[in-house]
Amino acid sequence: ITHPLNTSTIRQAARYQLGAAQQRERTKTLKYQPECDKINAEFIPLVMETFGGLGKQFNCFLKDLRKIVSENITLTNGSLLIDEMLDQIAFHMITSNGIIMKSASSKHYD
């Protein structure tokens, strides 16, 4: 998870839509891809911005996951399972943002 208004990402975020996510995807790939290459594993950086935007690789992953689920799950709606997972991620993101804002505002008024 990355914050577009962070001092290390704000320039990229100001220039490009989901720029902070894009920058974090590059950083994670540079860090983890070499180790994945050693063991012949695929690395997919799943990056989300604190305002809810998903990185390009995260969206590609979800598209592939939806396809796999639709081809292999027959007893339930696989796409619905993925939507519920994303709802849970969004819920926790909103909750965490609220906790951070509450903490920041209480420190501001102390």
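Residues numbered from 1 in each chain as written. Predicted model: local features only at pLDDT ≥ 70, side-chain atom pairs only at ≥ 80, totals over all residues. Heavy atoms only, no water.

A.B. asks: Looking at this structure, how should I read unusual backbone geometry?
C.D. replies: Most peptide bonds adopt trans geometry, and most residues besides glycine take a negative phi value. Positive phi, close to 60°, is recorded for Leu-18, a residue that is not glycine. Structurally, Leu-18 is set in the loop between α1 (10-15) and α2 (19-38). Leu-18 sits in the partly exposed class, given a relative accessible area of 30%. Not every positive phi belongs to a glycine, and Asn-40 is a case in point at roughly 60°. Structurally, Asn-40 is set in the loop between α2 and α3 (56-72). Residue class for Asn-40 comes out exposed when judged on its relative accessible area of 74%. (Helix = DSSP H or I, 4+ residues; strand = E, 2+ residues; numbered from the N terminus. Buried < 20%, exposed > 50% of the residue type's maximum accessible area, 1.4 Å probe, protein only.)

A.B. asks: What exactly am I supposed to notice about the packing of aromatic side chains here?
C.D. replies: Between two aromatic rings, the relevant description is the distance of the centres plus the angle of the planes. Scanning all chains against the criterion turns up one aromatic pair. When the ring of Tyr-32 is compared with that of Phe-43, the centres are 5.6 Å apart and the planes differ by 35°; the resulting orientation is tilted. In this pair, Tyr-32 sits in helix α2 while Phe-43 sits in the loop between α2 and α3, placing the two residues 11 residues apart along the sequence. A residue is classified by how much of its surface remains accessible, and Tyr-32, at 36% relative accessible area, is partly exposed. (Phe/Tyr/Trp six-rings, centres within 6.5 Å; stacked < 30°, edge-to-face > 60°.)

A.B. asks: Looking at this model, I keep getting lost on the side chain of Gln-12. Mind explaining?
C.D. replies: Within the element layout of this structure, Gln-12 appears in helix α1. Apart from residues no more than four positions distant in its own chain, Gln-12 is found in contact with Gly-19, Ala-20, Gln-22, Gln-23 and Arg-26. (Contact = heavy atoms within 4.5 Å.)

A.B. asks: What is the right way to read the environment of Ala-14 from this model?
C.D. replies: Take Ala-14: it is sitting in helix α1. Here Ala-14 falls in the exposed class, since its relative accessible area comes to 67%. Sequence separation of Ala-14 and Pro-4 is 10 residues, and the distance between their C-alpha atoms is 8.2 Å.

A.B. asks: Looking at this structure, how should I read a nonpolar patch on the surface?
C.D. replies: A surface patch of nonpolar side chains, about 310 Å² in accessible area, is lined by Leu-5, Ile-10 and Phe-51. Within the fold, Phe-51 resides in the loop between α2 and α3. What makes Phe-51 exposed here is its relative accessible area of 58%. (Patch = residues over 30% accessible without salt bridge, like charges linked within 9 Å, V, L, I, M, F, W, Y side chains within 5 Å. Areas by Shrake-Rupley, 256 points an atom, 1.4 Å probe, with all protein chains shown as cover. Salt bridge = Lys/Arg side-chain N within 4 Å of Asp/Glu carboxyl O.)

A.B. asks: Hey, could you run me through the pattern of salt bridges in this one?
C.D. replies: Should their charged atoms come close, side chains of opposite charge can pair. The tally for this structure, following the rule as stated, stands at two salt bridges. Note that Glu-35 and Lys-38 form a salt bridge whose closest N and O atoms lie 3.1 Å from each other. Here Lys-38 and Glu-35 lie together in helix α2, a separation of three residues that amounts to about one turn. Of the residues examined, Lys-38 reaches a relative accessible area of 64% and is grouped as exposed. Here Arg-66 and Asp-83 are joined by a salt bridge, their closest N and O atoms 2.7 Å apart. One end of the pair, Arg-66, is in helix α3; the other, Asp-83, is in helix α4 (residues 78-109), and 17 residues separate them in sequence. Note on Arg-66: relative accessible area 26%, which makes it partly exposed.

By themselves, these observations are geometric and do not establish any function.
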